[in-house]
Amino acid sequence: MIWEKLSKEAINNRVFEAVKGNKSYDSDNILGIPGTYLDTEQFYRDADFLSNAPYLTTLINNPNHIGCHTLTDDGSEDLFRGTQKIEIELIRMVSEDILKADEKSIDGYIAPGGTEANIQAMWIYRNYYMQEFGASHDEIAVVFSSDSHYSMHKGANLLNIHALEIDVNFDTRQINRVSLQHQLNRAKEQGIKYFMLIQNMSTTMFGSVDEIAENHAVFEELSLPVKIHLDGAFGGFIYPFSHAENQHNFANPLVNSITLDAHKMLMAPYGTGMFLIRKGWMHYSTTKEAQYVQGLDFTICGSRSGANAIAIWMILQTHGPQGWKQKMKDLIDLADWFCAELDQRGIEYFRNPYMNIVTMKANGLDDEVCKSYRLVADDYTGKPSWWKVVVMPHVKKNSLMAFLKDIS
Ligand SMILES: Cc1ncc(COP(=O)(O)O)c(C=O)c1O
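Residues numbered from 1 in each chain as written. Predicted model: local features only at pLDDT ≥ 70, side-chain atom pairs only at ≥ 80, totals over all residues.

The next subject is the overall build of the protein. Scanning the protein from terminus to terminus reveals eleven helices and eleven strands. For the protein, whose C-alpha radius of gyration is 23 Å, the value lies close to the compact-globule estimate of 22 Å for 408 residues. Taking all 408 residues of the protein together, 43% fall into the buried category. Of the contacts formed within the protein by residues at least 6 apart in sequence, a portion of 71% connects residues at least 24 apart. (Helix = DSSP H or I, 4+ residues; strand = E, 2+ residues; numbered from the N terminus. Rg over C-alpha atoms; globule rule 2.2 N^0.38 Å. Buried ≥ 20, exposed ≤ 12 C-beta atoms within 10 Å, placed from the backbone. Contact = placed C-beta atoms within 7 Å.)

Across the interface, helix 1 (residues 8-21) lies against helix 2 (residues 54-61) with an axial gap of 9 Å and an inter-helix angle of 15°. The angle between the axes of helix 1 and helix 2 places the two elements in the roughly parallel class. Relative to helix 2, helix 1 is oriented so that their crossing is left-handed. Two secondary-structure elements touch here, helix 1 through N12, V15, F16 and V19 and helix 2 through P54, T57, T58 and N61. When the residues that make up the contact of helix 1 with helix 2 are grouped by side-chain class, the tally is four nonpolar, four polar and no charged. (Axes fitted to C-alpha atoms, helices over the stretch in contact; angles between N-to-C directions. Parallel < 35°, antiparallel > 145°, perpendicular 65-115°, else oblique. Left-handed = near helix turned anticlockwise from the far one by under 90°. Nonpolar A, V, L, I, M, F, W, Y, C, P; charged D, E, K, R; others polar.)

Moving on: the pairing of strand 6 (residues 255-261). With seven of seven residues buried, strand 6 is to be regarded as a mostly interior element. Bridging between strand 6 and strand 7 (residues 273-278) involves five bridges; their strand directions are antiparallel. In the strand pairing of strand 7, I258 is matched with L276. (Pairing = 2+ DSSP bridges.)

In this section: the nonpolar core. Formed by 103 residues in total, the largest nonpolar core has its most connected members in V142, M274 and I312. At 13 residues, the largest contribution of residues to this core is made by helix 9 (residues 306-345). Apart from residues lying up to four places away in sequence, V142 is in contact with M122, M152, G155, A156, I161, A163, M196 and I198. (Core = buried A, V, L, I, M, F, W, Y, C linked by C-beta atoms within 7 Å.)

Right, let's talk about the sheet that holds strand 10 (residues 376-377) for a bit. The strands making up a sheet associate through hydrogen bonds between their backbones, and the pairing can be parallel or antiparallel. Taken in spatial order, the four strands make up an open sheet running 8-9-11-10, and their pairing is antiparallel. The open sheet has two free edges, formed respectively by strand 8 (349-350) and strand 10, since each of these has just one partner strand. Two strands pair when backbone bridges link them, and strand 10 and strand 11 (residues 386-390) are joined in this way by two bridges, in the antiparallel orientation. Bridge pairing links V376 to K388 in strand 11. Helix 9 contacts strand 8, strand 9 (357-361) and strand 11 of the sheet and is inclined by roughly 15° relative to strand 9.

Position of Y55 relative to the elements: it lies in helix 2. Considered as a pair, Y55 and G306 are 251 residues apart in the sequence and their alpha carbons are 9.7 Å apart. Not counting the four nearest positions on each side in its chain, Y55 is found in contact with A307, I310, A311 and M314.

Attention now goes to the site of the ligand. Lining the immediate surroundings of the ligand are 13 residues, of which G113, G114, T115, H149 and A233 lie closest. The greatest single-element share of the shell around the ligand, amounting to three residues, is contributed by helix 4 (residues 114-133). A class-by-class count of the residues in the shell around the ligand yields two nonpolar, nine polar and two charged. (Near = placed C-beta within 6 Å.)

Frequently, the measure chosen for interface size is the accessible area that the parts lose on association. Looking at the assigned domains, one finds that the protein contains domain 1 (78-318) and domain 2 (321-407). Between domain 1 and domain 2, the contact holds 14 residues from the first and 17 residues from the second. A per-element tally of the side of domain 1 that touches domain 2 places helix 8 (residues 239-242) first, with three residues. For the side of domain 1 that touches domain 2, the class distribution of residues is six nonpolar, six polar and two charged. (Domains from an automatic or database assignment.)

The next subject is the sheet that holds strand 4 (residues 194-200). Taking strand neighbours across the sheet as the criterion, the seven strands line up as 1-7-6-5-4-2-3 in an open arrangement whose pairing is mixed. Each having just a single partner strand, strand 1 (106-111) and strand 3 (162-166) make up the two edges of the open sheet. Neighbour to neighbour, the strand axes of the sheet diverge by 20° on average, direction disregarded. Relative to strand 3, strand 2 (residues 140-145) is paired through five bridges, and the arrangement is parallel. Within strand 3, the residue paired with V143 across the bridge is L164.

Below you can see the structure in the form of structure tokens.
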């Protein structure tokens, strides 16, 4: 176990040490690197509080974490090796201690968000099919449920591959098996031969979690090649803690890559998505032309601030595994309480018991009340079918009680 709760002092020391381990634009001769620290007129480097603020210090020093640092211990940009080492440790912490990967078996990087991490996976699998099987764009499809995030459509469009959106059952929100069989058979007839399947470790609107084995079995029955990516952008920092026995991690051989978003449940600054993939796959997204970057580039985004990795690392170390588990349990308990109140009032809803999202059937609810509490609707173009409450740390029992009173 790499992940443990650290004291504030230990966290501060480690981050300051890491920043010191980077080359300094002030004291080292750096003549050819186009990056720099932040503008000194706007961002004070000499403010007293910075000596106690490791994240802000890293932000102001502006280390560039371009590339993928887990691929080699010393091959990527050596100017910022100090903070890059924290990113490498972070990838191990999350993939091994949260997502049950074997030691050092995962590559990855801190992506700008869940959208990029999902598209990075699709990019890698598209290139894999093209390079290993001589597939053309037209022969490749990404398959996902209709409750999936729109980044799947964005990725398919950018990568010029087919997008197969599969219906879900209205009440269970699970992929409809017959629709999946039907769409795959039709795809086969159209000449599509290679597939990637996105499985949600919680959808945005419902908190529903796809059944990996059941959906994969349909591809097996039809003898269709498929690679599986998990979208844990929303659920990645809660579901593994609320449901220890889950199948949505690297202990499951069907799972090849995973997206997480620390800027959702982990409450990190924006820009803290995570892309994780088993070793041996990152090279399918190599940009060989990135010759001026030491260690080349494998990511979509290119340059990115090392402060983002530091922020995630600091949050995880502050809470430790037990602290974070308890924090997530408190949210699940509050969601349980809210659901019991809805049951008493006969209000119908969808809820995965391991998630903190409660999505109520709009039928019978006053839309204006839902809007006034800033609930999220499944559809803003017509009459919504569902309204969602997401029980995050800012959602207090009092506000839920007031909402319940107003809808009763
Ligand atoms: C399930 C899921 N996947 C992907 C994303 C995209 O994440 P981002 O907005 O960080 O790009 C979201 C965002 O809401 C999401 O909920």
